[in-house]
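The lines below spell out each chain.
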Amino acid sequence: MTNNRAISSRKIESEALKQLEDISGVNVYACYQCGNCSSACPAVEFMDIPPHQVIRKVQLGFIDELIESETPWICAACITCTVKCPRGVDIAKVMEGLRQIVLRRDFEHINIREIDKKLREKLPQIALIGNFRKTIL
Ligand code: SF4
Ligand code: SF4
């Protein structure tokens, strides 16, 4: 296989998946589902989706399902999973990425690109800068 992002002949694309990749910088396609991350996670019994399944769902593009899950909020960011992964997948960063997507969705009431050009010229610069900091990586 030449493309390590392809888990089948079909390439998975979604805006949320792209956002998660941008935020976390993690190549989830390196995961081969050994389950070490879930075995080592001290909080797994409280999660509705265990860490290895989180990674699998990301691979399949089921980000919305993960965003509705409690798992990213149960995760204590202890990075045990990341340390135990034989494939170097930073699961803790993926969890953080999922939390960031939820937080940004809740607070992104303004899309700076949709503001009328004339109004944009009148707005205080600090308001625009504040928005750029929040919405641009
Ligand atoms: S430990 Fe790494 S390779 Fe194994 S299931 Fe978890 S993410 Fe995948
Ligand atoms: S970082 Fe989160 S998912 Fe990973 S082992 Fe710790 S609590 Fe579990």
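Going by the structure above, here's the rest.
First things first, this report covers the structure right here in the doc.

**Brief notes about the site of ligand 2**
As a matter of local geometry, ligand 2 sits amid 13 residues, with Cys41, Cys75, Ala76, Cys78 and Cys81 nearest to it. Among the secondary structure elements, those contributing two or more residues to the shell around ligand 2 are α6 (80-84) and α7 (91-107). Taken together, the residues of the shell around ligand 2 sort by class into twelve nonpolar, one polar and no charged.

**With respect to the side chain of Thr82**
As for its placement among the helices and strands, Thr82 is situated in helix α6. There is a polar contact of 2.8 Å between the side chain of Thr82 and the side chain of Asp90. One polar contact links the side chain of Thr82 to the main-chain amide nitrogen of Ala92, over a distance of 3.2 Å.

**A closer look at the packing of aromatic side chains**
This model, assessed by the stated rule, comprises zero aromatic pairs. One residue, Arg87, lies across the ring of Tyr32, its end atom 5.6 Å from the ring centre.

**Some words on the nonpolar core**
Judged by nonpolar contacts, the single largest core of 30 residues is most densely connected at Val54, Val58, Ile63, Val89, Ile91 and Val94. At seven residues, α7 tops the list of elements feeding residues into this core. Apart from residues lying up to four places away in sequence, Val54 is in contact with Ile49, Leu66, Thr71, Val94, Met95 and Leu98.

**A few points about the side chain of Ser69**
Summarising the element assignment, Ser69 is placed in the loop between α4 (63-67) and α5 (71-74). For Ser69, a relative accessible area of 5% corresponds to the buried category. Among the polar contacts listed, one links the side chain of Ser69 to the side chain of Asp48, at a separation of 2.8 Å.

Conventions used here
- Residues numbered from 1 in each chain as written.
- Chains lettered and ligands numbered in written order.
- Predicted model: local features only at pLDDT ≥ 70, side-chain atom pairs only at ≥ 80, totals over all residues.
- Heavy atoms only, no water.
- Near = heavy atom within 4 Å.
- Helix = DSSP H or I, 4+ residues; strand = E, 2+ residues; numbered from the N terminus.
- Nonpolar A, V, L, I, M, F, W, Y, C, P; charged D, E, K, R; others polar.
- Polar contact = N/O pair within 3.5 Å; in protein donor to acceptor, adjacent residues only side chain to side chain.
- Phe/Tyr/Trp six-rings, centres within 6.5 Å; stacked < 30°, edge-to-face > 60°.
- Lys NZ or Arg CZ within 6 Å of the ring centre and 35° of its normal.
- Core = buried A, V, L, I, M, F, W, Y, C linked by side-chain atoms within 4.5 Å.
- Buried < 20%, exposed > 50% of the residue type's maximum accessible area, 1.4 Å probe, protein only.
- Contact = heavy atoms within 4.5 Å.

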